[in-house]
Amino acid sequence: MKVAILSGSVYGTAEEVARHAAAILNDAGLDAWHNPRATLAEIQAFAPEAFLAVTSTTGMGELPDSLMPLYSTIRDQLPAAWRGLPGAVIGLGDASYGDTFCAGGEQMRELFGELGVREVLPMLRLDASESVTPESDAEPWLAELVTALRA
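Residues numbered from 1 in each chain as written. Predicted model: local features only at pLDDT ≥ 70, side-chain atom pairs only at ≥ 80, totals over all residues. Heavy atoms only, no water.

**Some thoughts on helix H3 (residues 68–77)**
Those residues of H3 that fall on the buried side of the exposure criterion are Leu70, Tyr71 and Ile74. In a view along the axis of H3, the buried residues occupy a sector of 100°, so they form one face of it. Exposed residues lying more than 90 degrees from the buried face of H3 are Pro69 and Asp76. Its buried side turned inward, H3 meets strand E1 (2–8), helix H2 (40–46) and helix H4 (103–115). (Buried < 20%, exposed > 50% of the residue type's maximum accessible area, 1.4 Å probe, protein only. Helix = DSSP H or I, 4+ residues; strand = E, 2+ residues; numbered from the N terminus. Arc of directions from axis to C-beta. Contact = heavy atoms within 4.5 Å.)

Laid out in structure tokens, this is it:
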């Protein structure tokens, strides 16, 4: 199964988590593709059969600048071929920000909903105020994702 990993990061942590996720999915026999600067055309050329979004949250709950162009293009075009495909989201944030904790991840969940992408696992929320190892913290959830995508 071909899994496109979309990521948005400010300081690089979400991209590290996305790279680690790609390695885990590939090791599990899935075909994971991650390009932190991907365009819609590149994603469509990959012909994904599933999606994983990994994003941090900035400012007052926005997506990182690195993900905004792709997010906007997808939102404008809403590729019909993605309807019904499985997907999941990893949101990174800091719980001390209260209401905006993992708001970037929530925006990706909403976009997936608009696209008709089926959420196969509840969003993983990685809290920077509790952990300094988000890559390894994501591993149990990623194992569940592998199982869900194979089902």
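**A word on the pairing of strand E4 (residues 86–93)**
In terms of burial, E4 is a largely internal element, 8 of the 8 residues being buried. Alternating positions in E4 separate into two faces, Pro86, Ala88, Ile90 and Leu92 on one and Gly87, Val89, Gly91 and Gly93 on the other, with burial throughout. In this structure, strand E3 (residues 50–55) lies alongside E4, joined through 5 bridges in parallel fashion. Note on E4: the bridge partner recorded for Thr55 is Gly91. After leaving E3, the chain enters H3 and then returns to the sheet as E4, a path that is right-handed. Across 2 bridges, E4 lies against strand E5 (residues 118–119) in parallel orientation. Of the residues in E5, the one forming a bridge with Pro86 is Arg118. Each parallel crossover has a hand, and the one from E4 via H4 to E5 is right-handed. (Pairing = 2+ DSSP bridges. Right-handed = clockwise from strand over helix to strand, strands pointing away.)

**Considering the side chain of Ser56**
Here Ser56 shows up in the loop between E3 and H3. On the accessibility criterion, Ser56 (12% relative accessible area) is buried. With residues near it in sequence (within four places) discarded, Ser56 still touches Gly8, Ser9, Val10, Ala14, Glu62, Pro64, Leu92 and Gly104.

**Some details on the nonpolar core**
In terms of nonpolar packing, the biggest core is built from 25 residues, with Ile5, Leu25, Leu52, Val54, Ile90, Trp141 and Leu145 touching the most fellow members. Elements supplying a minimum of two residues to this core: E1, helix H1 (13–27), E3, E4, strand E6 (124–127) and helix H6 (139–150). Non-local contacts of Leu25, meaning those with residues more than four positions away in its chain, are made with Val3, Ile5, Leu30, Ala32, Leu52, Leu145 and Val146. Ranked by size, the runner-up nonpolar core spans 24 residues in total, among them Ile43, Ala53, Leu63 and Met108. (Core = buried A, V, L, I, M, F, W, Y, C linked by side-chain atoms within 4.5 Å.)

**Brief notes about H6**
End to end, H6 covers 17 Å across 12 residues, agreeing with the expected 16 Å (1.5 Å per residue, within 8%). Along H6, the residues that are buried comprise Trp141, Leu142, Leu145, Val146 and Leu149. Down the axis of H6, the buried side of the element spans an arc of 150°, and every buried residue falls inside it. Facing away from the buried side of H6 by more than 90 degrees, the exposed set consists of Pro140, Thr147 and Arg150. Buried residues belonging to H6 abut E1, H1, E3, E4 and E6. (Expected span 1.5 Å × (residues − 1).)

**Considering unusual backbone geometry**
Not every positive phi belongs to a glycine, and Ala47 is a case in point at roughly 55°. The topology assignment puts Ala47 in the loop between H2 and E3. Overall, Ala47 belongs to the partly exposed group, its relative accessible area being 41%. Although it is not a glycine, Cys102 sits at a positive phi angle of roughly 60°.

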